Amino acid sequence: TFYRITLRNAPNFHVALNGAQGATFWGLRIDTPADARNTDGIDPGASQDVTITKSSIRTGDDNIAIKAGKGPSRHISIVEDHFYWGHGLSIGSEISAGVSDILVRDVTLDGTTSGLRIKSDASRGGLVDNVRYENICLRGNKRPIDFTTRYDEKVAGNDIPVYRDIFLSNVVGTTGTLAIE
């Protein structure tokens, strides 16, 4: 459990989980300049039963990136959070082992490059299944919804990613362009 902790200016990812079972982040504050490269906020990778709630994240890369390169990630809840600058709330790009049963509810993304983002490509493949976005506020995002199966268009491969059962309910945005490909 991470409770009411502030993390500032990490030289790389702030929190990277690999194979975690049952992690809670509550009242976490991550604060890094917008131009600090590779400074993801929280990266649950190959993890299950993770909750991130009532937290504030400003980074130079993904605010959150759910990954599944070394094992599946599932049963992750991201609720009542506020993200400022950064690349948004991402699933991927490593999803080859599968991502499922994700709940994102009551989240605000203020000035992030992407808002809600799912990313993979033919070199990585993977299944993203049963993702729920509910009561989301997107303000000042270049790409409020950015779902792509061609994250790196230059790669070759036959592992086409599959995204299914993605639900959006009461998702509201003020600017930007939707990117679904």
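Residues numbered from 1 in each chain as written. Predicted model: local features only at pLDDT ≥ 70, side-chain atom pairs only at ≥ 80, totals over all residues. Heavy atoms only, no water.

**Student:** What's the story with the overall build of the protein chain in this structure? I'm lost.
**Tutor:** The helix and strand inventory of the protein chain stands at zero helices and 18 strands. Whereas a compact globule of 181 residues would reach a radius of gyration of roughly 16 Å, the protein chain reaches 15 Å, a difference of no more than 12%. Here the C-alpha coordinates of the protein chain stretch approximately 45 × 35 × 30 Å along the principal axes. Counting across all 181 residues of the protein chain, residues that qualify as buried make up 48%. The contacts of the protein chain with a sequence gap of at least 6 include a subset with a gap of at least 24, amounting to 81%. Looking at the protein chain as shown, the accessible area adds up to about 8400 Å², and 46% of this sits on carbon and sulfur atoms. Placing the 20 positive and 22 negative side-chain charges of the protein chain at their respective mean positions leaves the two points 4 Å apart. (Helix = DSSP H or I, 4+ residues; strand = E, 2+ residues; numbered from the N terminus. Rg over C-alpha atoms; globule rule 2.2 N^0.38 Å. Buried < 20%, exposed > 50% of the residue type's maximum accessible area, 1.4 Å probe, protein only. Contact = heavy atoms within 4.5 Å. Areas by Shrake-Rupley, 256 points an atom, 1.4 Å probe, with all protein chains shown as cover. Lys, Arg positive; Asp, Glu negative; His and termini not counted. Charge placed at Lys NZ, Arg CZ, Asp CG, Glu CD.)

**Student:** Would you explain the packing of aromatic side chains in this entry?
**Tutor:** Aromatic rings in a pair are described by how distant their centres are and how their planes are angled relative to each other. The final tally for this structure, using the stated rule, is three aromatic pairs. Centre to centre, the rings of Y133 and F147 are 6.2 Å apart; their planes meet at 25°, and the pair counts as stacked. Taken as a pair, Y133 in strand β15 (residues 127-139) and F147 in strand β16 (residues 143-148) lie far apart in primary sequence, 14 residues in all. As far as the burial class goes, Y133 and F147 line up, both buried. The ring of Y84 has R58 lying over it, and the distance from NZ or CZ to the ring centre is 6.0 Å. (Phe/Tyr/Trp six-rings, centres within 6.5 Å; stacked < 30°, edge-to-face > 60°. Lys NZ or Arg CZ within 6 Å of the ring centre and 35° of its normal.)

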